[in-house]
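Chain and residue survey
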Amino acid sequence: MMGRVYRFVAFAGGIALLVAALKLLNWLPLAAQKDLLKEYRDLEDAREAAGIETVFVPSYFPQNLSWPPSMIWAQGTPFPALLLEFGKPVGKETVLLISQAESESFFPGERIRFLEVKQSVPYSLKGREARLQVGVCPGGETCAGIAWKEGKYHIVVRAKTSPIELIRITESMLR
Amino acid sequence: MGLLAFIDSYPGAYLVQSILHSALAGIIVEMALKTWGIRNPRIRQRFLLVVIVFPVFSFPLYQAINPGRMSLSFRMEALLDSSRWLSFHLWGIVPVGAVGLILVCGVTSLVFLFQELLPVVRHTLESRNAWPGPERRGAEDPEAKRVIDMFPGSRPELFVLDDEEAALFSTMGRSGAVYISKGLLRALPPEQVQAAVAHEYAHVQRGRRPVLLVLFLLRALLFFNPVTLLEFRRIVQEDEKICDDYAADLTGRPAALAEALKRLYLTEREEKAGRGKTIMEEMEALESYSHRLHIESRIERLQEGIPSSGKGEWFAAILAGIAVVLTNYYVV
């Protein structure tokens, strides 16, 4: 019986060491190369790490949202990208996502996931060709998203809000 | 960017994650084998099968459970995110992780092609043709008959080749048989010949089961995976030990088999890897050195006595299985 317990503890200890080694392996590239995707506290640091000159941020926020973002992700490699996430003041629920990246593949859509897209239409956003999507998020909330190209950057904004509110937010990002 | 885009795609992610999952499964299985002191080759082989089979299905299975597993959010929370290493650029120019991965996969694929696939195809084609030299049934040869008569019950067919070189091999499939040369019948004493033939009988009987073919096909799916390459070889080595155990059980003389192995494989002193050789010669020398080590470990095992199956193997297997599935889920 003691042998069995000893072996179980030894094996569990081995697994714990393995997990620690994996975490270390996961951290090493970040230590060696500063511009890999990671989380930042400060937008300016994130902008510098990503090597993005102009960051498109809204000047208008609906009542339930405020500056600063609850989470900032940025990377310079393999391509410059920046992600701003805004949550409700109470709780951790994400209600607005703004992504600015050189590649179209960069967008963590799962953080505000469309359960169903009800409408997807072209939209002229201050003279830019954009695509506006309106749908339903899990829980039956109305969600809206808009995507367009601004110079070399693909910008995607998605929010748990009405399309009108979303357009107000995005228009405040552009001069 | 093209290389990184491929690695980001579904096939690229399958390639990367199957390698990582098999490496991690290999480490966990090894830990379980060591912790529970499992030495029985039959049980060791079952554990090692996990390292071959699991990574074939792990990625699609995990994706089916959680389609968001490839997402940025999941990667940020993962235990190990391969994209960090694959995006790692040396001096900001060379994506060393991605280039290294492609190199390793390329070399592994070539090794698989030339050392496993082509030899198997060649062996299959050759075994369809009749043996070039004259042969006769063991029952018709007085020396071979003496060996066969020692075995109880019915056994696979034994053929005697009219060849003075020492040769002993078996063919697989439903009509698998054992072939022994006249030279070998004369070179070894009867009890050693009997032990060696019993070992080949075990191969024939194991070769009749389709599970080995299925395993080889699964292994072939991961032809690019260096961990699969190494672990498959370990499985083959464990198979030799299983056949040793079978022969020792059947004849009751493990020492005779150990002696036969010594005389057949360890009499010629192999040259150590030295200077002034080509890379191919060095590789061959290294491979023959590794083969020699394997034969020596089999001899040592037979001389020490065959270990019986240990206790708590099922518990070890269940724990190792859970650890493999859970940790790999967070390796993307």
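Everything that follows concerns the structure shown earlier in this document.
Attention in this report is confined to the structure presented alongside it. (Residues numbered from 1 in each chain as written. Chains lettered and ligands numbered in written order. Predicted model: local features only at pLDDT ≥ 70, side-chain atom pairs only at ≥ 80, totals over all residues.)

1. Here we look at the overall build of chain B
Counting its regular elements, chain B contains 14 helices and six strands. Seen through its principal axes, chain B has C-alpha atoms that stretch 75 × 50 × 35 Å. In chain B, buried positions account for 36% of the 332 residues. Residue pairs at least 24 apart in sequence account for 69% of intrachain contacts in chain B once pairs closer than 6 positions are excluded. (Helix = DSSP H or I, 4+ residues; strand = E, 2+ residues; numbered from the N terminus. Buried ≥ 20, exposed ≤ 12 C-beta atoms within 10 Å, placed from the backbone. Contact = placed C-beta atoms within 7 Å.)

2. Digging into the environment of Ser73(B)
Structurally, the position occupied by Ser73(B) is in helix α4 (residues 72–77). Other than its neighbours up to four places away in sequence, Ser73(B) contacts Pro108(A), Glu110(A) and Arg111(A).

3. As for the pairing of strand β6 (residues 178–181) of chain B
Every regular strand shows the same layout, with side chains that alternate between the two sheet faces. All names here are of chain B. Of the two faces of β6, the one holding Val178 and Ile180 and the one holding Tyr179 and Ser181 are both buried throughout. When strand β4 (residues 158–161) meets β6, the two strands line up parallel, connected through four bridges. Bridge pairing in β6 places Leu161 opposite Ser181. Both strand β5 (residues 168–170) and β6 contribute to a ladder of three bridges, which runs antiparallel. Note on β6: the bridge partner recorded for Ser170 is Val178. (Pairing = 2+ DSSP bridges.)

4. Examining the interface of chain A and chain B
Opposite the 23 residues of chain A that make contact, chain B presents 25 residues. In terms of residue class, the side of chain A that touches chain B is built from 13 nonpolar, five polar and five charged. (Nonpolar A, V, L, I, M, F, W, Y, C, P; charged D, E, K, R; others polar.)

5. Let's talk about helix α14 (residues 313–329) of chain B
Residues and elements named next belong to chain B. The end-to-end C-alpha distance of α14 is 24 Å, a good match for the 24 Å that 17 residues give at a rise of 1.5 Å each. Three or more residues of α14 are buried, namely Ala316, Leu319, Ala320, Ala323, Val324, Thr327 and Asn328. Along the axis of α14, the buried positions cluster into a sector of 140°, meaning they face one direction only. Of the exposed residues in α14, the ones pointing more than 90 degrees away from its buried face are Trp314, Ile318 and Ile322. (Expected span 1.5 Å × (residues − 1). Arc of directions from axis to C-beta.)

6. A closer look at the sheet that holds strand β6 (residues 128–136) of chain A
Residue and element names in this part refer to chain A. Spatial strand order, β1-β2-β3-β4-β8-β7-β6-β5: eight strands in an open sheet with antiparallel pairing. This sheet does not close on itself; its edge strands, each paired only once, are β1 (38–40) and β5 (116–125). Averaged over all adjacent pairs, the angle separating strand axes in this sheet is 20°, with direction ignored. Where β5 lies against β6, nine bridges are found, and the strand directions are antiparallel. (Axes fitted to C-alpha atoms, helices over the stretch in contact; angles between N-to-C directions.)

7. Describing the packing of helix α11 (residues 226–251) of chain B against helix α13 (residues 279–304) of chain B
All names here are of chain B. At a minimum axis distance of 11 Å, the contact between α11 and α13 shows a crossing angle of 35°. You can see that α11 and α13 cross each other, and the crossing is right-handed. Packed against α11, whose contacting residues are Gln237, Glu240, Lys241, Asp244 and Ala248, the element α13 presents His294, Arg298, Arg301 and Leu302 at the interface. Taken together, the residues of the contact of α11 with α13 break down into two nonpolar, two polar and five charged. (Left-handed = near helix turned anticlockwise from the far one by under 90°.)

8. As for helix α9 (residues 190–207) of chain B
With 18 residues, α9(B) extends 25 Å between its outermost C-alpha atoms, agreeing within 8% with the 26 Å of an ideal straight helix rising 1.5 Å per residue. For α9(B), the buried fraction is high: 13 of the 18 residues fall into the buried class.

9. Considering the packing of helix α3 (residues 41–65) of chain B against α14(B)
All names here are of chain B. In contact at an axis separation of 11 Å, α3 and α14 are set at 25° when each is read in the N-to-C sense. In terms of orientation, α3 lies roughly parallel with respect to α14. Considering how the two elements wind past one another, α3 and α14 form a crossing that is right-handed. The residues of α14 that touch α3, namely those facing Ile43, Phe47, Val50, Phe54, Ser58 and Tyr62, are Glu313, Ala317, Ala320, Gly321, Val324, Asn328 and Tyr329. (Parallel < 35°, antiparallel > 145°, perpendicular 65-115°, else oblique.)

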